[in-house]
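Results of the structural survey
Spelled out, the chains give:
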Amino acid sequence: MAAKVTCQHCGKEIGLFGSLVGFNRQTGRCSACETQVRAIFTRFRQAFLAACADGLITPDEWGHLAGMIAQENLQLDEALAFVRGDALAFLERSLTIAYADGMITADEARDIQRLQKTLHIPDAMADPIIGRASHLRRVSAIREGKLPTTQPSVHLDTDEICHLETTATYRKVMAKAVVPVAGRLIATSKQLHFVSPDGGWVIKFKSIMRVEQEVTGVYLELSTKRGNGKYVVPDPLFTEAMITTLVRIDRRQVLTVSDEEAASRHIPHPVKIAVWQRDQGKCVQCSATSYLEYDHIIPHSKGGANTVGNVQLLCRKCNLAKSNLI
Ligand SMILES: [Zn+2]
Ligand SMILES: [Zn+2]
């Protein structure tokens, strides 16, 4: 004889035949309980979205959410699985909000990781966002002047510290064509080296007039002809941050943004939330929902204000494409 089946939630015995209809083998609940639990999770989702609306789940809000589930003898894990899509969108939004000033502090990076744990988002799903947060943190640390060191594959002078070595393809502009020159870009405490099979060249920091990040690489505007132009690199953001910072250090420029500068660039929190809602968490140009950034429609440098009317959501790609046009 088969063992009796009981509902895991209400404890009622379930008949072997007719009443097994609607019994959920995965959750071990009877059909009446399943209906009830779905209604509870739907209410939980509404409360979760309401708590997220201002961009921050406070400990009080969190206590209320967890209480809703505990009170019904349900597992928080199952409730959080029910709102996983919303939780992922909230994680993405938290990162976008933190990065609105162009920097991710160590605290902000930690907060994003903590949020993933709190919301029980599995690593495999959160990895693109967490990975991006760590990458932005590494880049921010460079802009703060904390430069990592690495072992170069070529011989350098003893007083030269290597900070970056990356594959790079120089786009050599000839009269009738652009010829790619494959090589490696090495950034040291003293200068930049471009090493290619037929030799390459050295770029002194004082000859670098402008460093621009592009979608596929960095553009170096030099006061000399040799080496001036575009280098295609795998990580344009990291490479640009490194070269810009080394140039600033070489010119003995302050690395930290002044309070005044930071204040004028600061987008008020209510504006960030309103813009996110208006643009529905999507890039206004291509509708992408990841790699989102706040963009000033009229750039800050041209007097654009930090208002809802002048701020929009753009994905990284569309934002870079736009800034390369200005
Ligand atoms: Zn039941
Ligand atoms: Zn886009």
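Let me sum up the structure you'll find in this document.

Glancing now at the coordination of the zinc ion (ligand 2). Coordination of the zinc ion (ligand 2) by the protein involves Cys 283 (SG), Cys 286 (SG), Cys 315 (SG) and Cys 318 (SG), with metal-donor separations of 2.3 to 2.4 Å. Classification of the site at the zinc ion (ligand 2) rests on its four donor atoms, whose angles at the metal span 103 to 117°, yielding the label tetrahedral. The sequence pattern formed by the donor residues of the zinc ion (ligand 2) is C-x2-C-x28-C-x2-C. Of this pair, Cys 283 sits in the loop between helix 9 (269-278) and strand 10 (292-296) while Cys 318 sits in helix 10 (residues 316-325), and the two are 35 residues apart along the sequence. Judged by its relative accessible area of 2%, Cys 283 falls in the buried class.

With that settled, consider the nonpolar core. Of all hydrophobic cores here, the largest spans 61 residues; its most connected members are Leu 119, Ile 208 and Tyr 231. Viewed by domain, this core spans two of them, domain 1 (5-143) and domain 2 (162-250), each represented by three or more residues. Each residue touching Tyr 231, except ones within four places of it in the same chain, is listed here: Thr 169, Tyr 170, Leu 185, Phe 194, Trp 201, Ile 203, Gly 217, Val 218 and Leu 220.

What follows deals with the side chain of Lys 322. Note that Lys 322 resides in helix 10. When neighbours within four sequence positions are excluded, Lys 322 is seen to be in contact with Asp 295, His 296, Ile 297, Gln 312 and Leu 314.

Here helix 7 (residues 236-250) is 15 residues long and its end C-alpha atoms lie 21 Å apart, about the 21 Å a rise of 1.5 Å per residue gives. Burial of helix 7 is extensive: eleven of the 15 residues sit out of reach of the surface. Pro 236, Leu 237, Phe 238, Thr 239, Glu 240, Ala 241, Met 242, Ile 243, Thr 245, Leu 246 and Val 247 are the residues of helix 7 that are buried. Directly beyond the C-terminal end of helix 7, a positive phi value near 55° is found at Arg 252.

What follows concerns the packing of helix 6 (residues 123-143) against helix 7. Each pair of packed helices can be described by the angle between their axes along with the distance between the axes. Interaxial distance between helix 6 and helix 7 falls to 9 Å at its minimum, and their mutual angle equals 10°. What the angle tells us is that helix 6 and helix 7 run roughly parallel. Along the contact surface, helix 6 presents His 135, Leu 136, Val 139, Ile 142 and Arg 143, while helix 7 presents Leu 237, Phe 238, Glu 240, Ala 241, Met 242 and Thr 245. Here the residues of the contact of helix 6 with helix 7 sort into seven nonpolar, two polar and two charged.

Turning to the side chain of Asn 310, a few remarks are in order. Tracing the backbone through its elements, the reader meets Asn 310 in the loop between strand 10 and strand 11 (311-315). Apart from the residues lying within four places of it in its own chain, the contact partners of Asn 310 are Asp 295, His 296, Ile 297, Ile 298, Gly 304 and Ala 305.

To continue, consider the packing of helix 4 (residues 84-98) against helix 5 (residues 106-118). Across the interface, helix 4 lies against helix 5 with an axial gap of 10 Å and an inter-helix angle of 175°. In terms of orientation, helix 4 and helix 5 fall into the roughly antiparallel class. Along the contact surface, helix 4 presents Phe 90, Leu 91, Ser 94, Leu 95 and Ala 98, while helix 5 presents Glu 108, Ile 112, Leu 115 and Gln 116. Split into classes, the residues belonging to the contact of helix 4 with helix 5 amount to six nonpolar, two polar and one charged.

Turning our eyes to something else, we now look at the coordination of the zinc ion (ligand 1). Here the zinc ion (ligand 1) is held by the protein donor atoms Cys 7 (SG), Cys 10 (SG), Cys 30 (SG) and Cys 33 (SG), which lie 2.2 to 2.3 Å from it. Read in sequence order, the donor residues for the zinc ion (ligand 1) give the motif C-x2-C-x19-C-x2-C. Of this pair, Cys 7 sits in the loop between strand 1 (5-6) and strand 2 (13-14) while Cys 30 is found in the loop between strand 2 and helix 1 (31-52), placing the two residues 23 residues apart along the sequence. For Cys 7, a relative accessible area of 3% corresponds to the buried category.

Looking at the secondary structure, you find Ala 133 in helix 6. Once the C-alpha coordinates of Ala 133 and Ala 109 are considered, the two residues, 24 residues apart in sequence, prove to be 6.1 Å apart. Ignoring any residue separated from it by four or fewer positions in sequence, one finds Ala 133 in contact with Leu 95, Ile 104 and Ile 112.

Rules of the game
- Residues numbered from 1 in each chain as written.
- Chains lettered and ligands numbered in written order.
- Predicted model: local features only at pLDDT ≥ 70, side-chain atom pairs only at ≥ 80, totals over all residues.
- Heavy atoms only, no water.
- Donors = N, O, S within 2.8 Å, 3.2 Å for Na, K, Ca; no water.
- Tetrahedral: all angles 85-135°; square planar, octahedral: opposite > 155°, others 65-115°.
- Helix = DSSP H or I, 4+ residues; strand = E, 2+ residues; numbered from the N terminus.
- Buried < 20%, exposed > 50% of the residue type's maximum accessible area, 1.4 Å probe, protein only.
- Core = buried A, V, L, I, M, F, W, Y, C linked by side-chain atoms within 4.5 Å.
- Domains from an automatic or database assignment.
- Contact = heavy atoms within 4.5 Å.
- Expected span 1.5 Å × (residues − 1).
- Axes fitted to C-alpha atoms, helices over the stretch in contact; angles between N-to-C directions.
- Parallel < 35°, antiparallel > 145°, perpendicular 65-115°, else oblique.
- Nonpolar A, V, L, I, M, F, W, Y, C, P; charged D, E, K, R; others polar.

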